[in-house]
Amino acid sequence: MKAVYYEEHGGPEVLQLGELPDPVAGPGGVLIDVKASSLNHLDLWVRRGLPGIKLPLPHIPGADAAGIVAAIGDGVTEVAVGDRVLVNPTLSCGRCEFCLQGDASLCRSFKIIGEQTQGTCCEKIVVPEQNAVTIPKDLPFVEAASIPLVFLTAWRMMITRGRLRPAETVLILGAAAGVGIACIQIAKVAGARVLAAAGSDDKLALCRELGADVLINYTREDLPKRVREETAKRGVDMCVDYIGKDTWVQSLICTAKGGRVVTCGATTGYDPKTDLRHIFFRQLEIIGSTMGSKNDLITPLGLILDGKMRPVVGEVFPLEQTADAHRLMESRTLSGKIVIRVADSE
Ligand SMILES: [Zn+2]
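Just so we're clear, the structure is a prediction, and the values are computed from it rather than from any experiment. What you see as residue numbers is a count from 1 along each chain, following the sequence as written. Two thresholds apply to this predicted model, a pLDDT of at least 70 for residue-level local features and 80 or more for giving and counting side-chain atom pairs, whereas whole-chain, interface and lining totals are computed over all residues. Side-chain numbers come from the whole structure's heavy atoms, not from hydrogens or water.

Please set out the layout of surface pockets residue by residue, giving values where relevant.
Lining residues are those with an atom within 4 Å of a point, where the points come from a 1 Å grid over the protein atoms alone and group into cavities, where a 1.4 Å probe fits but cannot get out, or pockets, open sets with protein on both sides within 12 Å along at least five of seven lines. Grid points are joined across faces, edges and corners, and a volume is the space filled by probe spheres set on the points. By volume, the largest pocket is sized at about 1000 Å³. Taken together, 41 residues form the lining of the largest pocket, with His41, Leu42, Trp45, Gly265 and Thr267 sitting closest to its centre. For the lining of the largest pocket, the secondary-structure elements that each account for two or more residues are helix 1 (41-48), helix 4 (148-161), helix 5 (178-189), helix 11 (322-331) and strand 17 (337-341). Residue composition of the lining of the largest pocket, by class: 24 nonpolar, 13 polar and four charged. The start and end points of each domain follow an automatic or database-based domain assignment. Formed jointly, the lining of the largest pocket draws a minimum of three residues from each of two domains, domain 1 (2-147 + 311-341) and domain 2 (152-288). The computed volume of the second largest pocket comes to approximately 200 Å³. Per the convention used, a helix needs a DSSP run of H or I reaching at least four residues, while a strand needs a run of E reaching at least two, with both numbered from the N terminus. Take the lining of the second largest pocket: its biggest share by element is five residues, from strand 8 (residues 124-128). Residues were grouped as follows: Ala, Val, Leu, Ile, Met, Phe, Trp, Tyr, Cys and Pro as nonpolar; Asp, Glu, Lys and Arg as charged; and all remaining residues, including Gly, as polar. Considered class by class, the residues forming the lining of the second largest pocket number 13 nonpolar, four polar and one charged.

Would you mind going over empty space enclosed by the protein in detail, with residue names and values included?
Per the stated rule, a full pass over the model turns up one cavity of 30 Å³ or more. A volume near 30 Å³ is recorded for the largest cavity. What lines the largest cavity is simply His9, Val46, Gly49, Leu50, Ile53, Leu55 and Glu115.

Can you break down helix 5 residue by residue, with the values?
Helix span, as expected, comes to 1.5 Å for every residue beyond the first. Across its twelve residues, helix 5 extends 17 Å between first and last C-alpha, which sits within 8% of the 16 Å expected from 1.5 Å per residue. Type-normalised accessible area, obtained with a 1.4 Å probe on protein chains alone, sets the label of each residue: buried when under 20%, exposed when over 50%, and partly exposed for intermediate values. Gly178, Val179, Gly180, Ile181, Ala182, Cys183, Ile184, Gln185, Ile186 and Ala187 are the residues of helix 5 that are buried. Whether two residues are in contact is decided by their heavy atoms, any of which lying within 4.5 Å being enough. Buried positions along helix 5 lie against helix 4, strand 10 (169-173), strand 11 (193-198), helix 6 (201-209), strand 13 (236-240) and strand 17. At the C-terminal side of helix 5, Gly191 shows a positive phi close to 90°.

So, in structure tokens, the structure goes:
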């Protein structure tokens with residue numbers, strides 16, 4: 001099969017296109033002809049090399065995918081050859097105490113497709129049966145591939161872990177990026193008021209289209225000052241910060257007494273300075289979240305299929321130009337998701 005892979009860690013230039021052996025569906029496995037794959041910041045971290053994690057090389061990047069079931073292994077009953085599916089990128093054992101509680105992302109042997117295993121940026125992948133989620137004909141593969149990681153991550157962070165309630169006010173930083181576009185829509189579906197912050201007016205225009213109530217350009221405006229003005233000096237009930245180092249201190253300041261700061265990543269760095277007084281005096285809750293359970297994916301997918309939310313594809317690249325796609329992601333200039341079209345299809 002054709003695949004994008006790297007034989008050493010580094011910048012986008014280490015990505016190469018070549019032939020690798022086709023994977024084979026073993027018992028409980030599903031072989032998928034990949035039609036589209038999408039990029040996440042995770043792919044950049046893994047490509048650069050994660051401290052303490054030694055991956056077998058060559059490594060195929062990519063956590064998200066959508067395609068058609070081409071073969072099934074022994075014992076597979078939930079999907080059939082020819083089904084259109086998207087891939088849930090969270091791998092869990094299904095047997096540990098956390099899996100049995102339905103908390104797959106706390107699994108003791110938790111993995112992400114494309115991080116600890118070979119990824120989706122190729123023509124064929126094998127995933128466990130429970131990771132293949134059937135989708136209807138009218139959802140194009142390019143859109144389907146853009147959904148799983150960001151929507152399940154945003155849903156778990158804001159709803160399952162963050163307990164967002166109607167009439168609450170949410171500040172979303174990096175609101176036009178992949179997770180951000182999911183966060184805005186989920187907050188609106190939940191009945192919250194959304195303050196969206198992003199670094200350009202183009203990005204904020206997309207936030208407005210997705211339902212954001214207040215737009216803040218943080219390259220021009222003083223974020224905490226504007227948040228105070230918009231919340232009658234109170235601060236927001238929930239602040240969503242996956243930017244990390246550049247914004248963390250401001251996020252604490254923007255959050256109301258007793259409010260929650262939720263985080264699922266750190267795109268600008270993971271070691272910000274924290275003034276603990278902001279946390280204890282003002283009784284903030286800091287809530288970490290990563291990936292999600294199958295339910296954290298199925299619920300937002302249902303809302304998308306009902307037309308209450310939508311995937312946002314910013315740009316589509318052919319498989320041959322995956323390195324350019326990584327460069328665009330690193331530039332942080334694009335709104336919405338970057339999708340790799342692996343094979344022609346609807
Ligand atoms: Zn488990």
